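Each chain is listed here by its residues.
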Amino acid sequence: MADTPFALNSTVLVPVARFVEGYDIDRSTFWRWQKRGWLPSTVNIAGRSYLPAAAIAEFEAKALRGEFKGGSVPPRSPKAGVAVVEVRP
């Protein structure tokens, strides 16, 4: 058997820039998703960040199952000193 420079079942890496562009999100949103544990740490190669394609597939599967769905957020109470005016038709 000939020696190969990489394993046959090697991981495919996707540039973070392509992931961010594909999801139409800001880099800060990507960072928040990482911080929440929704995405793994990136692989840094020569100053560029990459994600394993398998991690992206897992993220998409979890999103489709609704695992990242948040609860409803109640409206904030009015700030002190601001009058709330009710408009009636």
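Before going into details, it helps to say that this report is about the structure given with it. Since we're looking at a predicted model, the values are computed, not measured. (Residues numbered from 1 in each chain as written. Predicted model: local features only at pLDDT ≥ 70, side-chain atom pairs only at ≥ 80, totals over all residues. Heavy atoms only, no water.)

**Examining the pattern of salt bridges**
Should the charged atoms of two oppositely charged side chains come close, the side chains can pair.
Move 1: This structure, assessed with the given rule, holds two salt bridges.
Move 2: The partner of Glu-58 in a salt bridge is Lys-62, and the shortest N-O contact between them spans 3.4 Å. Here the residue Glu-58 and the residue Lys-62 both occupy positions in helix 3 (residues 53-65), the gap between them amounting to four residues, near one helical turn.
Move 3: A relative accessible area of 24% places Lys-62 in the partly exposed class. (Salt bridge = Lys/Arg side-chain N within 4 Å of Asp/Glu carboxyl O. Helix = DSSP H or I, 4+ residues; strand = E, 2+ residues; numbered from the N terminus. Buried < 20%, exposed > 50% of the residue type's maximum accessible area, 1.4 Å probe, protein only.)

**Details of the sheet that holds strand 1 (residues 13-15)**
Move 1: With antiparallel pairing, three strands are arranged side by side in an open sheet as 1-3-2. On the outer flanks of this sheet lie strand 1 and strand 2 (43-45), each paired with one strand and no other. In this sheet, neighbouring strand axes are inclined to one another by 45° on average, regardless of whether the strands run parallel or antiparallel.
Move 2: In this sheet, strand 3 (residues 48-52) lies alongside strand 2 in antiparallel orientation, the contact comprising three bridges. In the sheet register, Asn-44 faces strand 3, and the bridge partner there is Ser-49.
Move 3: Here helix 1 (residues 16-23) sits on the sheet in contact with strand 1 and strand 3, set at roughly 65° to strand 1. (Pairing = 2+ DSSP bridges. Axes fitted to C-alpha atoms, helices over the stretch in contact; angles between N-to-C directions. Contact = heavy atoms within 4.5 Å.)

**A short note on the packing of helix 1 against helix 2 (residues 27-35)**
Move 1: Two elements in contact, helix 1 and helix 2, have axes whose closest approach is 10 Å; the angle formed by their N-to-C orientations is 105°. As far as their axial angle goes, helix 2 and helix 1 are roughly perpendicular. Residues Val-16, Phe-19 and Val-20 of helix 1 form the contact with helix 2, whose own contacting residues are Arg-27, Phe-30 and Trp-33.
Move 2: Broken down by class, the residue content of the contact of helix 1 with helix 2 amounts to five nonpolar, no polar and one charged. (Parallel < 35°, antiparallel > 145°, perpendicular 65-115°, else oblique. Nonpolar A, V, L, I, M, F, W, Y, C, P; charged D, E, K, R; others polar.)

**A look at the packing of aromatic side chains**
Move 1: Overall, the coordinates contain nine aromatic pairs when judged by the stated rule.
Move 2: When the ring of Tyr-23 is compared with that of Trp-33, the centres are 6.4 Å apart and the planes differ by 90°; the resulting orientation is edge-to-face. Pair noted here: Tyr-23 is in helix 1 and Trp-33 is in helix 2, with a separation of ten residues, a long-range link.
Move 3: For Trp-33, a relative accessible area of 16% gives the class buried.
Move 4: The interplanar angle of 75° and the centroid separation of 5.8 Å between the aromatic rings of Tyr-23 and Phe-59 together place this pair among those described as edge-to-face. You can see Tyr-23 sitting in helix 1 and its partner Phe-59 sitting in helix 3, a full 36 residues away along the chain.
Move 5: Residue Phe-59 is classed as buried on the basis of its relative accessible area, which comes to 4%.
Move 6: Of the aromatic side chains, those joined through ring pairs into one cluster are Phe-19, Tyr-23, Phe-30, Trp-33, Trp-38, Phe-59 and Phe-68.
Move 7: In this structure, Arg-36 packs its charged tip against the face of Trp-38, placed 5.1 Å from the ring centre. (Phe/Tyr/Trp six-rings, centres within 6.5 Å; stacked < 30°, edge-to-face > 60°. Lys NZ or Arg CZ within 6 Å of the ring centre and 35° of its normal.)

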